[in-house]
Amino acid sequence: MASKPAAALLATDMRAKQVSSPPPYTATGGLSAGSGIRQARRILEQVADPEIPVLTIADLGILRALRWRHDRLQVIITPTYSGCPAMQTIADDIRAALNRNGYTRVEVITQLAPPWTTDWLSAAGRKKLLQYGIVPPAGSTSKQSLRVPVTGLACPRCQSANTEEISRFGSTPCKALYRCNACLEPFDYFKCL
Amino acid sequence: MSSDLFQYIIRLGDNALINGQRLAEWCGRGPFLEEDLALANTALDLIGRARMLLSYAGEVEGQGRSEDDLAYFRNEREFRNFLIMELPVGDFAFTTARQFFVDAYDYYYYRALQDATDTTLAAIAAKTLKECEYHLRHSSEWMVRLGDGTAQSQARLTRAVAELMPFTPEFFAADEIDQVMQEQGIGVDLDTVATLWNNEVDRVLREAALARPPLSFTRGGGRQGLHSEHMGFLLAEMQSLQRTYPGLQW
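Here is what the cut-offs are and how they apply
Residues numbered from 1 in each chain as written. Chains lettered and ligands numbered in written order. Predicted model: local features only at pLDDT ≥ 70, side-chain atom pairs only at ≥ 80, totals over all residues. Heavy atoms only, no water. Helix = DSSP H or I, 4+ residues; strand = E, 2+ residues; numbered from the N terminus. Contact = heavy atoms within 4.5 Å. Areas by Shrake-Rupley, 256 points an atom, 1.4 Å probe, with all protein chains shown as cover. Axes fitted to C-alpha atoms, helices over the stretch in contact; angles between N-to-C directions. Parallel < 35°, antiparallel > 145°, perpendicular 65-115°, else oblique. Left-handed = near helix turned anticlockwise from the far one by under 90°. Nonpolar A, V, L, I, M, F, W, Y, C, P; charged D, E, K, R; others polar. Buried < 20%, exposed > 50% of the residue type's maximum accessible area, 1.4 Å probe, protein only. Pairing = 2+ DSSP bridges. Buried area = accessible area lost by both parts, 1.4 Å probe. Salt bridge = Lys/Arg side-chain N within 4 Å of Asp/Glu carboxyl O. Expected span 1.5 Å × (residues − 1). Arc of directions from axis to C-beta.

Asker: Please give an account of the overall build of chain A that cites residues and values.
Answerer: Looking only at helices and strands, chain A features six helices and seven strands. In chain A, the share of contacts with a sequence separation of at least 24, taken over all contacts with a separation of at least 6, comes to 56%. For chain A, the accessible surface area stands at approximately 8900 Å², while carbon and sulfur atoms represent 54% of it.

Asker: Could you give an account of the packing of helix H1 (residues 2-24) of chain B against helix H2 (residues 33-61) of chain B, with specific residues and numbers?
Answerer: Residue and element names in this part refer to chain B. Orientation of H1 relative to H2, taken along the N-to-C sense of each, is 160°, at an axis distance of 7 Å. What the angle tells us is that H1 and H2 run roughly antiparallel. Between H1 and H2 lies a crossing whose hand is left-handed. For the contact of H1 with H2, a count of residues per class yields 19 nonpolar, six polar and three charged.

Asker: Report on the pairing of strand E7 (residues 186-190) of chain A, specifying residues and quantitative values.
Answerer: Residues and elements named next belong to chain A. In terms of burial, E7 is a largely internal element, four of the five residues being buried. The sheet contact formed by strand E4 (residues 134-135) and E7 spans two bridges and is parallel. The residue bridging Val135 from the neighbouring strand is Tyr189, located in E7. Of the pairings in the sheet, the one linking strand E6 (residues 175-180) to E7 comprises five bridges and is antiparallel in character.

Asker: Please provide a residue-by-residue account of the interface of chain A and chain B, values included.
Answerer: The partner chain B presents 27 residues to the 28 residues of chain A that form the contact. Taking both sides of the interface into account, the surface hidden between chain A and chain B amounts to around 2600 Å²; carbon and sulfur atoms contribute 58%. Between the two partners, chain A and chain B, sit two salt bridges. The residue Arg137 of chain B makes a salt bridge to Glu165 of chain A at a minimum N-O spacing of 3.7 Å.

Asker: Just give me the short version of the side chain of Arg11 of chain B, but keep the residues and values in it.
Answerer: With respect to the helices, strands and loops of the structure, Arg11 of chain B is situated in helix H1. Excluding residues that lie within four positions of it along the chain, Arg11 of chain B makes contacts with Arg80, Asp175, Ile177, Asp178 and Arg223 of chain B.

Asker: Help me get a handle on helix H4 (residues 86-100) of chain A, residues and values and all.
Answerer: All names here are of chain A. In this model, H4 (15 residues) spans 21 Å end to end at C-alpha, consistent with the 21 Å of a helix rising 1.5 Å per residue. Restricting attention to buried positions, one finds in H4 the residues Ala86, Met87, Ile90, Ala91, Ile94, Ala97 and Leu98. Angular distribution of buried residues about the axis of H4 spans 140°; they occupy a single face of the element. Directly beyond the C-terminal end of H4, a positive phi value near 95° is found at Gly102.

Written out as structure tokens, the structure reads:
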């Protein structure tokens, strides 16, 4: 909700940051606030999604931006589903990871626009999902993929395309349940949104 | 003006909250596991939507009320949801019919609200629309499955549709707040939504082999805070924890 014109803000905030509070990892000496952002991003790229722990919040496209606002590091995230209960945990995990690494003043901001889409899943994320046994979203977002059942998904175990949807809603809001008619195993499908 | 906007957002938020609260009653009691998950997941989406809307309503009001304050510390007369939302869950046919009527309304309403000049409402609408679409697909399919199903499922759905239809004109009864909001480029044109909703309902009822019941009377009043006898019980359950231990957190 709190989207701000980032570019102009960033420059001034970085200067303010250098004056008001030195970066927390001064051991390396003379790090600019810009690398503070880079370092923070590297830390956050390790934060796992609580429901699908093989994916990081960066893989999922939940992590939108990082910026300094005076002496606070603002982390902009976007929810996957409106009611996704993992969002609270994700915000807590972000704060904890940054605090552990010396970033003491962290603010997590939820931004709704543009709305999250599975198109933001990274290529690495899609690969990790499949290895984990969850079929990544088929194709890109379109009305068709959401309203019409997706057929012909390849089973993550035996690769057969002889699969069917058994439940449109799964163990988390983002997944649906399918079954492979060849190897008879059920599997999760990460819905297109 | 900002109090009109506050009321406008509260109505949307209360619809999502009360619908979500009712639907969540199915959790652990669904007719079978997959449908239990579907009902709970849909309830979760609705409560998530309510959180976004009530948080924003609190911001607009500017008196420091949070989403929780608005959900747990308002009294019955201060809630502005449509009456249809607070009706008891009934049987699965009743829940399905209500959800279908509401999902179809939400889908066309939020699709239009995406173009609101209020950027926060537009963002919430764009976010929620994707979920509405999924909900509508699900409830439409159940309408057809029950309506064009066994004698038992058809009889129950027919009764549910007849009971619920009189509550639907409240969806489209525009009042001053709607007019003011529409003039400001925020509110949506309810006549357009009504046409789209009617077409959708007719189409699905036809596919479900059900006749659309004639409207002999209508029920409304929720938007003025005049609720049915069911609302107090719903609020008692929903609010009891926060009323007993104000500010309690998990």
